[in-house]
Amino acid sequence: MDLGQFSVSLAVKDVSASLEFYQKFGFEVIDGGHMNEAFADSDAQKWRILKNDSAAIGLFQGMFEDNILTFNPEDLRPIQKTLKESGVEFVSEADMDTTGPCSAVLTDPDGNTILLDQHY
């Protein structure tokens, strides 16, 4: 099961302060609301995607309450099918009758949110 790129999405209080902190570890901004017209920052919500080699962190201010584990598979639908067949319950599911970008959300036994997010 190829889950693709893994990242942690952090619910932060101040995206600028968090960005400054993670840049000290060598992370660089590769996307964010300041450079993405389709999902632009607002006064209430700001976001940045950081990368350092294969490590990725999303910083999200005002967008959700808890941290999220994120996987970006190339093809989510067969993964969702396999997980459902093994008894995993989903909070929200990808539409199995479509193609292209989709997402699904589930929680682990400790209540951690897991986002499976197919971009293409």
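Per chain, the residues get numbers from 1 upward, laid out in the order the sequence is written. Owing to the predicted nature of the model, reporting of local features is limited to residues with pLDDT of at least 70; listing and counting of side-chain atom pairs is limited to 80 or more, with chain, interface and lining totals taken over all residues. Here the side-chain values reflect all heavy atoms present in the structure, with hydrogen atoms and water set aside.

Asks: Before we move on, could you go through the pattern of salt bridges and cite the residues and values that matter?
Replies: Every case where a carboxyl oxygen of Asp or Glu lies within 4 Å of a side-chain nitrogen of Lys or Arg is listed as a salt bridge. With the rule as written, the count across this model stands at three salt bridges. A salt bridge links Glu85 to Lys81, with the nearest nitrogen and oxygen atoms 2.7 Å apart. Pair noted here: Glu85 and Lys81 are both in helix α2 (residues 76-85), with a separation of four residues, about one helical turn. With relative accessibility at 44%, the residue Lys81 sits in the partly exposed group. Across the salt bridge formed by Glu93 and Lys84, the nearest N and O atoms sit 2.9 Å from each other. Think of it this way: any DSSP run of H or I at least four residues long counts as a helix, any run of E at least two long counts as a strand, and we number them from the N terminus. Here the term buried applies to any residue with accessible area under 20% of the maximum for its type, exposed to any over 50%, and partly exposed to those in between, with areas from a 1.4 Å probe on protein chains only.

Asks: Go over the environment of Pro78, please, and point to the residues and values.
Replies: Note that Pro78 resides in helix α2. Accessibility expressed as a relative area gives 41% for Pro78, which makes it partly exposed. As a C-alpha pair, Pro78 and Met1 span 77 residues in sequence and 8.9 Å in three-dimensional space.

Asks: Any details on unusual backbone geometry? Residues and values, ideally.
Replies: At Asp53, a residue that is not glycine, the phi angle is positive and equals roughly 60°. Along the polypeptide, Asp53 turns up in the loop between β3 (46-52) and β4 (55-61).

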